[in-house]
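Observations on the model geometry
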Amino acid sequence: MFKKTVEAKAHQRLSGADKKKLKRTIRDRFPRASDADIDALLPPKAEITVAKFQNRVHVYGVEGGFPVFFDVDGRGTEIFPTVFALWMVPELLPSFILKGGEVSRFVIGGADLMFPGISVPPEGLTSFSAGEPWAVKVPGNPAPIAVGSTTMSSNEALKANLRGKALRITHYYRDLLWESVDGHYVPNAGFFEDVVFEDPASSSSCQASYSCEGSKDDPDNQQNVIDNKNIGESDKTSDVISETNAASSSQNDPQNAAEEITENVGDLKLVDSVEAAPPNVEEQLSLSTEDVDSHLDKCLLQALHTTVKDKDLPMPGSTLWSNHVLPCRPSGVTLDIKKSSHKKLSKWLQAKSSTGLITVKEDKYKKEIMLLSVNHGHPDYLSFKPEKRQVQKVDQAGDYPASESRSPNVLDVAEVYKSSAHVNPIFASVGADMGKLYSASEASDVVFKYIEKENLVKPTNKAIVVLDATLCDALFKGAIKKGSTYPTEIHKKDLGTTFINRMQAHHVVTRGTESVVRKGALKAIQIVTERRQGNKKVTKVSSLETFLMDPEAIASELQKKFACSTTVAELPGKKGLEVIIQGGVIDDVAKHLIEQYGIPKRYIEVLDKTKK
């Protein structure tokens, strides 16, 4: 909904009658909201504004304050609260609880919520109908991270064995609506740039094992999100702005903010089940500064041996900490870098750099410490023996069931690559199979194995690869204009992409139990609206077969959906069929293909020839 920038075509204040109408609509739409809740969100004496966008979305807010509600179609039938409203009144909507904070990466990345990513309570799901507004929360954090509408009822979800899409997300933390508010306000310390974990300051733990919240009578949630007295009861919009500035004051110093993010991750835990017992507080407090330093050094060495790859460098310090160091900590041990002798992540990494184990540098633009290289010949690195551990993967919001139980509408699209004449010498050198299909990451591994084998990393700059004759030909032969000089080195961040572009592109399309591999890039579905005689519009849809869809079946389905005539014809001068629909339904067809058949937006091309 708010993934792409859309300019508002009008801003205006609501009249008294429109305010009353809006409050009546909200009261009917959200029966859990009391009169006090509505007054907290829309203060009686405050000016209420509405911003009208070109895509028909209306956004309502307190003048000079936060946006609190948005109307999807501008008709008042699909009104949702913003995350700012839910942070003020967290019980305004029932909530799905994610299985863990890691799943939030997908939700705030723009993905819809899937049932495999939801934690189901022992008593089962709370009853709900299709099309109901629900919020999304992280275990241990009372502040919702997203809002959307259910795609099916609870009974239908049980029949589907809790598989498929649970919630169609309309708005989420860090989308463009959230970014439109100055100060980039967050409700608590659990909200990071790309993930949300439990609130370290929250004293309530009862939400950690529930997927649905049906009660309004939990007073702790009100206290842990936003002080309603400071925001909701204030008649002055300046009070709202001051709250925003106060909450976001830590972001004014990017260096400190980045370090605080990485420092606080160590205090967070993921609760995967009801039986998961909290860690022993006494054991955590008994760790001395020397013990914490020792654990940090061991975890870093474990990460450098197992998960940190040269192809991933340079790497932000926060990524090294959260994705590599923390997962290597011993079971039952909580790492808090503030309890070490270094106190800050940047100082710890700089201390390791001074010993020669790693090389780090501060990024002047991102204001964050960056890991540039690892010294694999350092005595500490050579003497350390990494432990063999089984990697535990967090259930992702986008997980799908096994192929035998897949819905026929579930679509998987994968871009794969095959060795070509350009890169065959590289594959032959490392003993890789030249007839196999590789993913992008697997193909990158091949060229990095060659670099490691031939020792092509530049000694003075570990981020640069020196090109020998074989690698230079593989990457640039035939691509450099006559008379131009061939490059002698390449940056690691550009190497993988350049290498993959020299391979043969293929794509794998899987729908249900049917799968097909085709050569070349995946052809997008084309939806075109044209005018015919008598000023009538027709919409043409082609390339459906690419995504394993039957044009005849789609034509019949769209005929019933749009109550119009449809025909199927051969594409003129091309192989394939196109569906011809009477009327200008270009946007509706695109939406139907995305929602019902899972076609990614990037594979849909829309052209309206009726617009001048």
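Residues numbered from 1 in each chain as written. Predicted model: local features only at pLDDT ≥ 70, side-chain atom pairs only at ≥ 80, totals over all residues. Heavy atoms only, no water.

**Regarding the overall build of the chain**
- What the chain contains, in helices and strands, is 21 helices and 24 strands.
- Within the chain, contacts between residues separated by at least 24 positions form 63% of all contacts whose residues are at least 6 apart in sequence.
- As presented, the chain carries roughly 31100 Å² of accessible surface, and 48% of it is formed by carbon and sulfur atoms. (Helix = DSSP H or I, 4+ residues; strand = E, 2+ residues; numbered from the N terminus. Contact = heavy atoms within 4.5 Å. Areas by Shrake-Rupley, 256 points an atom, 1.4 Å probe, with all protein chains shown as cover.)

**Some remarks on the packing of aromatic side chains**
- Enumeration over the complete set of coordinates arrives at 18 aromatic pairs.
- Look at F96 and F128: their rings are 5.7 Å apart centre to centre, the planes differ by 85°, and that puts the pair in the edge-to-face class. In this pair, F96 is assigned in strand 6 (residues 95–97) and F128 in the loop between strand 7 (113–114) and strand 8 (133–138), connecting sequence segments 32 residues apart. This pair shows no difference in class: F96 is buried, exactly as F128 is.
- Members of the aromatic cluster, joined through ring pairs, are F66, F84, W87, Y173, W178, Y185 and F191.
- Sitting above the plane of the F80 ring, R29 keeps its charged end 5.1 Å from the centroid. (Phe/Tyr/Trp six-rings, centres within 6.5 Å; stacked < 30°, edge-to-face > 60°. Buried < 20%, exposed > 50% of the residue type's maximum accessible area, 1.4 Å probe, protein only. Lys NZ or Arg CZ within 6 Å of the ring centre and 35° of its normal.)

**A few points about the packing of helix 20 (residues 551–562) against helix 21 (residues 586–597)**
- Relative orientation of the contacting elements helix 20 and helix 21 amounts to 115°, with a least axis distance of 12 Å. Crossing handedness for the pair helix 20 and helix 21: right-handed. Contact residues: I554, E557, L558, K561 and F562 in helix 20; D588, V589, H592 and Y597 in helix 21.
- Tallied by class, residues from the contact of helix 20 with helix 21 come to 5 nonpolar, 1 polar and 3 charged. (Axes fitted to C-alpha atoms, helices over the stretch in contact; angles between N-to-C directions. Left-handed = near helix turned anticlockwise from the far one by under 90°. Nonpolar A, V, L, I, M, F, W, Y, C, P; charged D, E, K, R; others polar.)

**Quick notes on the pattern of salt bridges**
- In total, this model carries 13 salt bridges according to the counting rule given.
- In this structure, D194 engages R105 in a salt bridge whose closest nitrogen and oxygen atoms are separated by 3.0 Å. In this pair, D194 is assigned in the loop between helix 6 (176–179) and helix 7 (219–225) and R105 in helix 4 (residues 104–107), connecting sequence segments 89 residues apart.
- D112 is the salt-bridge partner of K165, the closest N and O atoms lying 3.1 Å from each other. Remark: D112 occurs in the loop between helix 4 and strand 7 and K165 occurs in strand 10 (residues 165–172); sequence separation between them is 53 residues.
- Each of R32, E91 and K137 takes part in salt bridges that share partners, so that together they form one network. (Salt bridge = Lys/Arg side-chain N within 4 Å of Asp/Glu carboxyl O.)

**A look at the environment of S180**
- Within the element layout of this structure, S180 appears in the loop between helix 6 and helix 7.
- A relative accessible area of 49% means that S180 is categorised as partly exposed.
- Considering only alpha carbons, one finds S180 and P67, 113 residues apart in sequence, at a separation of 9.1 Å.
- A polar contact is formed between the side chain of S180 and the backbone oxygen of L177, at a distance of 2.5 Å. (Polar contact = N/O pair within 3.5 Å; in protein donor to acceptor, adjacent residues only side chain to side chain.)

**A closer look at the sheet that holds strand 1 (residues 8–13)**
- Taken in spatial order, the 5 strands of this open sheet run 1-2-3-4-5, and their pairing is antiparallel. Strands at the two margins of the open sheet, each flanked by one partner only, are strand 1 and strand 5 (79–81). Here the average twist between neighbouring strands, direction ignored, is 20°.
- The pairing of strand 3 (residues 58–62) with strand 4 (residues 67–71) spans 4 bridges and is classified as antiparallel. Each bridged residue has a counterpart across the sheet, and for H58 the counterpart in strand 4 is D71. (Pairing = 2+ DSSP bridges.)

**Examining the sheet that holds strand 20 (residues 525–532)**
- Taking strand neighbours across the sheet as the criterion, the 5 strands line up as 22-23-21-20-24 in an open arrangement whose pairing is mixed. Each having just a single partner strand, strand 22 (566–570) and strand 24 (604–608) make up the two edges of the open sheet. Pairwise comparison of adjacent strand axes, ignoring direction, gives a mean angle of 20° for this sheet.
- Direction of pairing for strand 20 relative to strand 24: parallel, over a ladder of 5 bridges. Directly across from Q526, in strand 24, lies its bridge partner E605.
- Packed on one face of the sheet, helix 20 meets strand 22 and strand 23 (577–582) and runs near 155° to strand 22.

**Focus: the pairing of strand 3**
- For strand 3, the tally of buried residues reaches 5 of 5 residues, placing the bulk of the element in the interior.
- Along strand 3, one buried face is formed by H58, Y60 and V62 and the opposite face, lined by V59 and G61, is buried too.
- As judged from the 5 bridges shared by strand 2 (residues 48–53) and strand 3, these two strands associate in the antiparallel manner. The residue of strand 3 that forms the bridge with K52 is H58.
- Hairpin connection between strand 2 and strand 3: a loop of 4 residues separates the two successive antiparallel strands, and R56 in this loop has a positive phi of roughly 80°.
- What sits between the antiparallel neighbours strand 3 and strand 4 is a turn of 4 residues, in which G64 has the positive phi angle 80°.

**Considering unusual backbone geometry**
- Here the phi dihedral of R56 falls at roughly 80°; this positive angle occurs in a residue that is not glycine.
- Locating R56 in the fold gives a position in the loop between strand 2 and strand 3.
- Positive phi is not limited to glycine here, since L548 has a value of about 55°.
- Along the chain, L548 falls in the loop between strand 21 (536–542) and helix 20.

**Focus: the confidence of the model for the chain**
- The share of residues in the chain with pLDDT of 70 or more is 81%, and the mean pLDDT across the chain is 79.
- pLDDT under 50 marks residues 391–406. Its contacts with residues more than four places away, or in other chains, come to 30 contacts. (pLDDT = per-residue confidence, 0-100.)

**Here we look at the side chain of R511**
- Within the secondary structure layout, R511 lies in strand 18 (residues 504–511).
- Among the polar contacts made by the side chain of R511, one reaches the main-chain carbonyl oxygen of Y597 at a distance of 3.3 Å.

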